[in-house]
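# Architecture and fold: a report
Listed below, chain by chain, are the residues.
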Amino acid sequence: MQQLLHGHDSLAHPLREEMDHVLGLAYDNFSFDAFKLAAVTQGHPLSTLAFYLFHKNNLITGFNLHAVKLARFLRNIEAGYCPKNPYHSAIHAADVLQTLHVVMQQGGIVPQYADRLSLMAALMAAIMHDYEHMGLTNDFLVNTSSTLA
């Protein structure tokens, strides 16, 4: 589990400690720095945070998810966020994911109104909300006769 959450064994010990600190704040604190998480995860803020939140909310064990397959899935989703897109990036998605999670926790939505399946669905929606978003509006795509429009 530790290796899945922390990635490669080559991650330096101080960097791992900093990642643990940033992830600890991410669980239920509005004072979260997605850019710092990106730095301490060596460019993998979304997949790391998502796996952490799935783990901390007992979604992996509760739904009998295969941890390695989940980690690979999250990395594949993260790869769908273009790093050259200044706004619709994996850092932005991690920030949205973290904010949604805190609002659901602090706002009393979980566990009073949302069950674990609803929580997992909400987290997945935040994880994927800008997947493969090129940073272009639909109007632009229509006006340029893009096949995506």
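Okay, so let's go over this structure. Predicted model only: the values in this text are computed from it and were never measured.

## A short note on the overall build of the chain
Summing up its helical and strand segments, the chain has 10 helices and 0 strands in all. Listed by position from the N terminus, the elements making up the chain come as α-α-α-α-α-α-α-α-α-α. Burial analysis of the chain (149 residues in total) assigns 40% to the buried set. Residue pairs at least 24 apart in sequence account for 66% of intrachain contacts in the chain once pairs closer than 6 positions are excluded. When the accessible surface of the chain is summed, it comes to about 8600 Å², and 56% of that surface belongs to carbon and sulfur atoms.

## Observations concerning a nonpolar patch on the surface
On the surface, F30, V103, I109 and Y113 cluster together to form a nonpolar patch covering roughly 450 Å² of accessible area. Relative to the helices and strands, I109 is located in helix α8 (residues 109-112).

## Comments concerning the packing of helix α2 (residues 13-26) against helix α4 (residues 45-56)
Each pair of packed helices gets described by two things: the angle between the helix axes and the distance between those axes. Running from amino to carboxyl end, α2 crosses α4 at an angle of 60°, the nearest separation of the two axes being 11 Å. Taken together, the axes of α2 and α4 lie oblique to each other. Classified by chirality, the crossing of α4 by α2 is right-handed. On α4, the residues that touch M19, L23, G24 and A26 of α2 are T48, L49 and Y52.

## Structural notes on the environment of A90
Note that A90 resides in helix α7 (residues 90-106). Accessibility expressed as a relative area gives 12% for A90, which makes it buried. Linking A90 and M128, residues 38 residues apart in sequence, is a C-alpha distance of 9.6 Å. In contact with A90, other than residues within four places in its own chain, are P45, L46, E78 and Y81.

## Points about the side chain of N57
Mapping N57 onto the fold places it in the loop between α4 and α5 (59-62). Of note is the side chain of N57, whose polar atom sits 3.2 Å from the side chain of Y27. Each residue touching N57, except ones within four places of it in the same chain, is listed here: Y27, H101, Q105, R116 and L119.

## Topic: the environment of P86
Assignment of secondary structure puts P86 in the loop between α6 (67-79) and α7. Its relative accessible area of 79% is what places P86 among the exposed residues. Residues P86 and G135 lie 49 residues apart in sequence; the distance between their C-alpha atoms is 8.4 Å.

So, how was this worked out
Residues numbered from 1 in each chain as written. Predicted model: local features only at pLDDT ≥ 70, side-chain atom pairs only at ≥ 80, totals over all residues. Heavy atoms only, no water. Helix = DSSP H or I, 4+ residues; strand = E, 2+ residues; numbered from the N terminus. Buried < 20%, exposed > 50% of the residue type's maximum accessible area, 1.4 Å probe, protein only. Contact = heavy atoms within 4.5 Å. Areas by Shrake-Rupley, 256 points an atom, 1.4 Å probe, with all protein chains shown as cover. Patch = residues over 30% accessible without salt bridge, like charges linked within 9 Å, V, L, I, M, F, W, Y side chains within 5 Å. Salt bridge = Lys/Arg side-chain N within 4 Å of Asp/Glu carboxyl O. Axes fitted to C-alpha atoms, helices over the stretch in contact; angles between N-to-C directions. Parallel < 35°, antiparallel > 145°, perpendicular 65-115°, else oblique. Left-handed = near helix turned anticlockwise from the far one by under 90°. Polar contact = N/O pair within 3.5 Å; in protein donor to acceptor, adjacent residues only side chain to side chain.

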